[in-house]
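The chain contents come next:
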Amino acid sequence: MKNLIKGSGLSALLIVGLMTACQGDNEEVNGTNGDANGNNQNSVDNNNNSNNNANDNAANENGEGDISGELEIQYFVGGYGDSWWKEVIGDFQEQYPDVTIIEHAGPNINDEMRSRWVSDDPPDVVYIDGAGSSETQMVDDGQLMNLTDWISDVETEDGSPLLDNLIVEPASYGGEIYSIPLVFDTWGTWYDKASFEEEGYEVPTDFDSYMSTMGEIQDNEGISPFVTTGQHPYYFLRGVLTPAFGAAGGDELLHDIVTGEEGVWERDEVVATMEKVAEMQEAGYIDDGFGAYNHTQSQMNFLLGDNAFIPVGFWLPNEMANDVPDGFEFGFTPSPMQDAGEPFAIVPDLRPLAIAENASNPDAAKAFVEFVFTQEYATAFSEHTGAIMNLQGVDLSENENVPPYLIEANEMINDPDQVQIYHRPHPMSADLETPLGNSLISLMLGDKTVEEFIEDAEAATADYRGE
């Protein structure tokens with residue numbers, strides 16, 4: 001197994017791209033719900049500096065003169081910010097001067113654009129991320145273009161197929177492709193590395209040591225060690241439960257959870273996982289105010305030392321960069337929910353680009369999607385966001401702008417003795433995730449028992465199956 005990124009730095013969070021068992025894991029449109037500001041519906045000024053990158057495939061195949069007209073691009077602005085988007089869109093505008101680009105962007109853009117999608121008047125290109133968006137739901141609703149045939153012919157700068165150069169393949173819906181994963185990320189559990197070293201706390205390596213460390217922190221500091229956002233239950237579902245299910249039952253269990261297989265929540269390994277959650281709650285380790293917290297409040301509380309652990313993706317440091325206290329050092333570990341003696345579990349978190357089924361300018365939309373998947377823009381993405389684009393072969397080993405936490409996480413994830421990577425066939429639909437999340441919050445607050453949660457979960461899956 002070779003590294004996907006040259007050199008020691010960041011080689012791979014990305015070993016998954018070379019695993020023969022790797023299937024398209026397209027993490028649900030999930031969670032960089034930041035407060036970064038984005039401008040809604042701004043025409044891009046043609047004043048950005050060109051990076052002179054080699055994006056000639058689209059230009060040569062289509063002819064730059066054939067790509068013209070208005071191109072509407074919708075993208076969520078959260079923890080990754082919008083500076084990468086501004087750079088890429090500006091460069092695309094320079095290469096295709098006959099295109100007028102209209103940006104729909106911001107932290108609330110999914111809600112703002114909902115009426116456009118419902119009325120079959122969508123933008124041409126959509127980056128699916130953030131609260132209020134769901135790739136699987138959009139596929140189910142017929143809102144996304146089938147890209148299966150087109151993407152098979154798209155090539156990278158060196159003439160090789162783009163699909164062969166992705167770290168993780170696109171999500172598969174009955175063998176069909178409706179999106180291209182742009183961002184490779186993963187959820188995990190964050191802590192203050194400096195504080196842990198100063199106080200001598202053990203970084204958890206499994207659920208037993210997790211409970212032990214949380215107990216020690218609670219005794220020493222008088223705080224509830226664990227916090228998450230109750231307003232967005234999927235943070236816990238994706239950041240804690242999903243890898244826990246991967247550790248307990250592998251890809252098969254993840255498939256059955258995502259697709260709502262009958263009886264899946266009653267399986268012994270699932271019940272045992274939910275009993276771990278109840279154990280955390282009964283011990284008083286979960287902040288009892290979490291139900292009212294949005295994502296930024298929970299993250300701020302964590303940074304201020306009100307809590308010691310929080311499940312978030314790699315966007316956390318970038319999203320909270322202006323609020324990090326002096327002396328705080330981000331530490332990251334895969335969520336430690338697995339049994340003692342078992343490796344950590346990670347489920348890749350992907351955020352995709354897609355083209356609307358009813359795009360007004362599909363040719364320009366395809367040209368833009370093809371334009372962004374280059375080595376240059378993949379490098380720029382890591383520099384702008386502190387995360388990784390879903391493209392192999394990007395050399396960040398000598399890049400001073402790569403944050404230390406990402407390199408350290410890479411080293412851990414690149415060690416198969418420490419970490420096992422699991423996959424889902426596609427993200428969970430919002431129609432299933434929402435009722436599961438609502439009942440999950442009640443369990444974490446102590447208002448429901450594990451048995452009651454299991455009943456709710458089975459009822460939600462039955463509704464999802466249309467029974």
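Our structure is the block above this text.
What counts and what doesn't
- Residues numbered from 1 in each chain as written.
- Predicted model: local features only at pLDDT ≥ 70, side-chain atom pairs only at ≥ 80, totals over all residues.
- Heavy atoms only, no water.
- Phe/Tyr/Trp six-rings, centres within 6.5 Å; stacked < 30°, edge-to-face > 60°.
- Helix = DSSP H or I, 4+ residues; strand = E, 2+ residues; numbered from the N terminus.
- Buried < 20%, exposed > 50% of the residue type's maximum accessible area, 1.4 Å probe, protein only.
- Core = buried A, V, L, I, M, F, W, Y, C linked by side-chain atoms within 4.5 Å.
- Contact = heavy atoms within 4.5 Å.
- Expected span 1.5 Å × (residues − 1).
- 1 Å grid on protein atoms, 1.4 Å probe; cavity = no way out; pocket = protein on both sides within 12 Å on 5 of 7 lines; lining within 4 Å.
- Points joined across faces, edges and corners; volume = space filled by probe spheres on them.
- Nonpolar A, V, L, I, M, F, W, Y, C, P; charged D, E, K, R; others polar.
- Domains from an automatic or database assignment.

What about the packing of aromatic side chains?
Inspection of every chain in the model, using the stated rule, returns 28 aromatic pairs. Judged by centre distance (5.2 Å) and plane angle (55°), the ring pair of W85 and Y127 falls under tilted. In this pair, W85 sits in helix α2 (residues 83–95) while Y127 sits in strand β4 (residues 125–127), placing the two residues 42 residues apart along the sequence. The class of W85 is buried, set by a relative accessible area of 4%.

Observations concerning the nonpolar core
Proteins that are soluble and globular tend to have nonpolar side chains buried together. Grouped together as the largest cluster of nonpolar side chains are 135 residues, with contacts concentrated most on W265, M274 and F373. The biggest single contributor to this core is helix α9 (residues 234–259), with 11 residues. When near neighbours in sequence (up to four residues on either side) are disregarded, F373 contacts L162, L166, I180, P181, L182, L353, M389, N390 and L391. F344, M412, V419 and I421 belong to the second largest nonpolar core, which has six residues in total.

Brief notes about helix α10 (residues 268–282)
Two residues of an α-helix separated by three or four positions point the same way, owing to the 3.6 residues in each turn. Counted at 1.5 Å a residue, the expected span for α10 with its 15 residues is 21 Å, and the 21 Å between its end C-alpha atoms agrees. Within α10, burial applies to V270, T273, M274, K276, V277, A278 and M280. Elements in contact with the buried residues of α10: α8 (207–221), α9, α16 (430–445) and α17 (450–464). Following α10 by one or two positions, G284 has its phi on the positive side, about 80°.

Things to note about the environment of Y377
With respect to the helices and strands, the residue Y377 is situated in helix α14 (residues 375–385). Between the C-alpha atoms of Y377 and V394, which are 17 residues apart in sequence, the distance is 9.7 Å.

With respect to the layout of surface pockets
In this structure, the largest pocket occupies an estimated 600 Å³ of space. R114, G132, S133, S134 and A430 are the residues nearest the centre of the largest pocket, which is lined by 30 residues in total. Counting only elements with at least two residues in the lining of the largest pocket, the list comes to α4 (114–118), α5 (135–140), α9 and α16. Sorting elements by how many residues they give to the lining of the largest pocket places α16 first, with six residues. Taken together, the residues of the lining of the largest pocket sort by class into 11 nonpolar, 13 polar and six charged. Formed jointly, the lining of the largest pocket draws a minimum of three residues from each of two domains, domain 1 (35–184 + 350–389) and domain 2 (185–349 + 415–465).

These figures capture arrangement, not role.
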